[in-house]
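Working through the structure, step by step
Here are the chains, one letter per residue:
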Amino acid sequence: MHDDRNLVEARLKRVLNERIRPAIHPESVPLEVAVWHAPDEPVPVAEGLAAEAEPIAVGQAWGKPWGTSWFTVTGTVPREWSGRIVEAILDLGFDADKPGFQCEGLVYRPDGTPVKGLNPRNQWVRIASSAEGGEEVRLHVEAASNPIILGHDAFRPTAMGDRETAGGDPLYLLTRMDLAVFDKTVWELVMDLEVLGELMLELPVDSARRWELLRAVERALDAVDLQDVGGTAAAARAELAGVLASPAAPSAHRISAVGHAHIDSAWLWPLRETVRKVARTTSNMTALLEDEPDFVFAMSQAQQWAWVKEHRPEVWAKVTKAVAAGRFVPAGGMWVESDTNMPGSEAMARQFVHGKRFFIDEFGVDNEEVWLPDTFGFAAGLPQIIKAAGSKRLLTQKISWSQTNTFPHHTFLWEGIDGTRIFTHFPPVDTYNCSMQGRELAHAARNFKDKGVARHSLAPTGWGDGGGGTTREMVAKAARVRDLEGSPVVTWETPSEFFAKAEAEYPQPPVWVGELYLELHRATLTSQAKTKQGNRRSESLLREAELWAATAAVRADAPYPYERLDRIWKTVLLHQFHDILPGSSIAWVHREARRTYELVARELNEIIDGAQRALAGEGQEELIFNGAPHARHGVPAGGAAPAGHAPGTRARPTAEGGFVLEDELLRVEIDGRGLVVSARDLRGGREAIAPGRAANLLQLHQDFPNKWDAWDVDEFYRHTVTDLTEAEDVRLDGDGVVVRRSFGASAVTQRLTLAGGRLEIDTEVDWHETEKFLKLAFPLDVRADRYASESQYGHSFRATHTNTSWEAAKFEACNHRFLHVEEPGWGVAVVNDSTYGHDVTREVDEHGTTTTLRVSLLRAPRFPDPETDQGTHRFRHALVPGAGIGDAVREGYFINLPERRVAGAGPVEPLVTVDDDAVVVTAVKLADDESGDVVVRFHESRGGRAKATLRAGFPVAEVVATDLLERPTGEPQRQGGEIPVTLRPFELVTLRLKRA
């Protein structure tokens, strides 16, 4: 037989596109359309429905950037359509290739009842399944004219990312507003042909099944009368029935399809628009659940559920009904799908506390799955947080985006820094927007790396980001591949059903130890510095607010601000979403974030100030309040006392034109360029700076990645570097040295001082560069093959060398408060108050090994925010020679939690103390149930064993260990105010202390 595959395949494509698909709606009549343009921000539904609309015609322009227009469509069903299925086709001017990234609409009935969303792949609204001729039709559409930021010409700078710069010209042309007959038989034929045509292309050319499908498709096309598609569709379907009925092989891969609509809580749209995207999508999904009995839909991010409840109660009613039926599934158990690299220990814990508690309170659902398909890598401290929250499974897809190495597993156990293991799945379909195309399903089966020992994977199915979620077409395709020869077997299942099957069939999966590093999007650790600073400072202020408010409640009977802290936590957690904190959102998002962080800081400082004044009492003695978990200057952790001795600094010029700063512990020499050429640890008798090198070195790189500007820094950025060694002014100022430099259109002012054995560097940058990357370098005289960087509840190690491609790929990585590098018995730490990105490299010459730590300060990408980070920034870092890992932990807290000075009557005893500095208390608060119990969370911080005694500074009736949600995990112990604890390396413990 001659090979005519190409002929038949090309015929199928053209006939589908030009004849059969258009015949799905064979008859149509135009609707009358009127529009009212809201003058500014979105209005309540009742206002939009009542507004006076003006006529508008198909083909006319509408929709200024970020505007809202209310369309009213009216018409009459023709009498000759009686008994037929009738739909409204409402095309607002969609680009079919950009679902979720353009205009969208939500359809309402005249009484304000939501019907469904309108999206590029979902433009229909069912009017009647059996029409009555002469029926009047009236619908309202709340249409959002969101601009396309990530267009076909991607990553070009655009002013559209903020309504203040986007202009007022309309963006869209009204394309189609019709009533139409829906021919279900033709639609079913399209589904048949799409499924078989797509499957056919994925099968081996020499397989019999491929040729069976080809001949069946050819017969079906022969049966179609192109001038009477509706009249011949049933005959064409009959030609396909046989091949569609052939069952899958027993060994076929099994795919659990989960209805899904990944909605970024802010990205190329502001937070307020996400509220509406969620409403549109949930309206779509509740409607689809009513029509499709096998379909199940899962939605993560408790914040998005809360938005529906608050802003769209009429949609919420439908959602809660579907949840009760078990088909609309709360997933993930986090407040938002946050970044997991940068959030601090407590913030990461609270993502689960607030997320899981919302689902428990609203629905009685305590799900065990963590759902993070799109997050940019996973810190090694996360597994024990997941376990401590009462969860045990993780799903993500993003690691498949790694550029250098292919991850070796799809189902595995992920082991964190403390030894906790979490059952983890990476969907081999390699997308969290699966649309049930044959190529996607075939890729999942081929790509699955655990063949032979497992055969289940998961496919999140639906258009995300406001694209409308799962479509009826996806459901129809899934029905056809439920048991189809040549295809994986697809079944709609909940995430928990999938994980139960996956765990049962794979009882001993492989283990991956340490962070799940994404070899992509590394620049998200630096972009939008003010957003990152706002996050870090909010976390520190929340720690203090809880600590001092709890202490004041116990010591001074002051009211505890439960509601305020709950609200502020949720605000901070929302802004840890994986496009806000990483700095990859539009200008509007980050402008609002900066303002929000200012308000958060103001309110938290009010709470702290009020609590400290209540504790200090009336008096004139200056008290130092120490919110850090370690004592300093004679002030206990979590307490207040008069200031103790702090080492003084001697500052003097040198004959060479530089300066020397010296205290009891450290001697630092700064040369005439303002660079640190010596930092000598006086106790250890050891020089920290590598021979012939200089620290405090600002370095400027060209930074123009191949794509994903705000997200990516590509390794070739290192090929060119400018050392900023020229100084306009280097002078002694009191006990410190001030350095001023300028470069390009920017300027830097630094102040270098000593404080208790550390060199503090306060850097102010007036930044006006574009597509540049600014780093601060510390070349150290330390030979080490690995270094430590702080993560949640501990730290993890990374190599300083590039022996393998896995190590070489980590050329930019994340840390929290500290980096630490050491030889046995002696080390150096670099601590910071607000930066995350860094790199560590090593060189060997005749002087030995130089290990260079460089912290990343600023970038200047132009997409999606063309003005990223323009303006003034301030950073604080400290170099700590002679530091062990415990010193790094302590100094990291000190720089983030500065002392507070309050006039009062006398010392304030800490609410709790621990007698081992290796045990770090991360939270002291009152229990969320308002019982008045004191909750204390702590962990072992150095990676070793610890035995300690936790002492309560108040009478304790009962102590019980709890999970993160403050639920008991053991029996209560009656042991008074002294509680012995034994901790494994990095072990996390939460105790609930009932007050006597």
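You'll find the structure just up there.
Residues numbered from 1 in each chain as written. Predicted model: local features only at pLDDT ≥ 70, side-chain atom pairs only at ≥ 80, totals over all residues. Heavy atoms only, no water.

The number of helices and strands found in the protein is 18 helices and 52 strands. For the protein, whose C-alpha radius of gyration is 31 Å, the value lies close to the compact-globule estimate of 30 Å for 996 residues. Sequence-distant contacts, at least 24 apart, represent 75% of the contacts inside the protein between residues at least 6 apart. Element-wise, carbon and sulfur atoms account for 48% of the exposed surface of the protein, whose accessible area totals about 35,800 Å². Here the protein carries 111 positive and 145 negative side-chain charges, and the mean point of each set is 2 Å from the other. (Helix = DSSP H or I, 4+ residues; strand = E, 2+ residues; numbered from the N terminus. Rg over C-alpha atoms; globule rule 2.2 N^0.38 Å. Contact = heavy atoms within 4.5 Å. Areas by Shrake-Rupley, 256 points an atom, 1.4 Å probe, with all protein chains shown as cover. Lys, Arg positive; Asp, Glu negative; His and termini not counted. Charge placed at Lys NZ, Arg CZ, Asp CG, Glu CD.)

With that out of the way, let us pick up the pattern of salt bridges. Counted under the stated rule, the structure contains 91 salt bridges. As a salt-bridge pair, Asp 366 and Arg 967 come within 3.0 Å of each other at their nearest N and O atoms. With Asp 366 in the loop between α9 (345-363) and β16 (369-371) and Arg 967 in the loop between β50 (956-962) and β51 (978-983), this pair connects stretches of sequence that are 601 residues apart. The partner of Lys 810 in a salt bridge is Glu 515, with the nearest N and O atoms 3.5 Å apart. Remark: Glu 515 occurs in the loop between β22 (511-513) and α14 (529-556) and Lys 810 occurs in the loop between α17 (805-808) and β39 (813-814); sequence separation between them is 295 residues. Given a relative accessible area of 30%, Lys 810 falls into the partly exposed group. One connected set of salt bridges, linked through shared partners, spans Asp 40, Glu 41, Glu 104, Glu 142, Arg 163, Arg 272, Glu 273, Arg 276, Lys 277, Arg 280 and Arg 312. (Salt bridge = Lys/Arg side-chain N within 4 Å of Asp/Glu carboxyl O. Buried < 20%, exposed > 50% of the residue type's maximum accessible area, 1.4 Å probe, protein only.)

A word on the pairing of strand β9 (residues 124-128). In terms of burial, β9 is largely enclosed, as four of its five residues are buried. When strand β6 (residues 86-91) meets β9, the two strands line up antiparallel, connected through four bridges. Across the sheet, Val 86 pairs through a bridge with Ala 128, a residue of β9. (Pairing = 2+ DSSP bridges.)

As a further point, take the side chain of Ser 402. Here Ser 402 is to be found in the loop between β17 (393-395) and β18 (411-415). From its side chain, Ser 402 meets the backbone nitrogen of Glu 519 in a polar contact 3.1 Å long. With sequence-adjacent residues up to four places away left out, Ser 402 is seen in contact with Tyr 517, Leu 518 and Glu 519. (Polar contact = N/O pair within 3.5 Å; in protein donor to acceptor, adjacent residues only side chain to side chain.)

Here we take up the nonpolar core. With 177 residues, the main nonpolar core has Ile 20, Trp 305, Phe 328, Phe 938 and Leu 993 as its most contacted residues. Residues contacting Phe 328, with those up to four places away along its chain left out, are Thr 282, Met 285, Thr 286, Leu 289, Phe 297, Met 299, Trp 305, Val 319, Ala 322 and Val 323. Ile 670, Ala 695, Leu 780 and Leu 858 belong to the second-largest nonpolar core, a separate cluster that totals 47 residues. (Core = buried A, V, L, I, M, F, W, Y, C linked by side-chain atoms within 4.5 Å.)

Within the secondary structure layout, Thr 849 lies in strand β43 (residues 848-859). A distance of 2.8 Å separates a polar atom in the side chain of Thr 849 from a polar atom in the side chain of Arg 783. For Thr 849, the contacting residues outside a window of four places in its chain are Leu 780, Asp 781, Val 782, Arg 783, Arg 842, Glu 843 and Val 844.

Moving on: the packing of helix α3 (residues 184-202) against helix α12 (residues 472-480). In contact at an axis separation of 10 Å, α3 and α12 are set at 60 degrees when each is read in the N-to-C sense. Comparing the axis directions of α3 and α12 gives the class oblique. Between α3 and α12 lies a crossing whose hand is right-handed. On α12, the residues touching Trp 187, Glu 188, Met 191, Asp 192, Glu 194, Val 195 and Glu 198 of α3 are Arg 472, Glu 473, Ala 476, Lys 477 and Arg 480. The residue makeup of the contact of α3 with α12, split by class, is four nonpolar, no polar and eight charged. (Axes fitted to C-alpha atoms, helices over the stretch in contact; angles between N-to-C directions. Parallel < 35°, antiparallel > 145°, perpendicular 65-115°, else oblique. Left-handed = near helix turned anticlockwise from the far one by under 90°. Nonpolar A, V, L, I, M, F, W, Y, C, P; charged D, E, K, R; others polar.)

Let's shift gears to the packing of aromatic side chains. Throughout the structure, instances matching the rule amount to 36 aromatic pairs. Between Trp 548 and Phe 625, the aromatic rings sit 5.0 Å apart at their centres with planes inclined by 85 degrees, giving edge-to-face as the arrangement. Here Trp 548, found in helix α14, pairs with Phe 625, found in strand β23 (residues 621-625); they are 77 residues apart in sequence, far enough to count as distant. Accessibility expressed as a relative area gives 0% for Trp 548, which makes it buried. In this structure Phe 625 comes out as buried when scored by relative accessible area, which is 0%. Grouped by ring-pair contacts, the aromatic residues Phe 295, Phe 297, Trp 305, Trp 316, Phe 328, Trp 335, Phe 358, Phe 359, Phe 363 and Trp 492 constitute a single cluster. (Phe/Tyr/Trp six-rings, centres within 6.5 Å; stacked < 30°, edge-to-face > 60°.)

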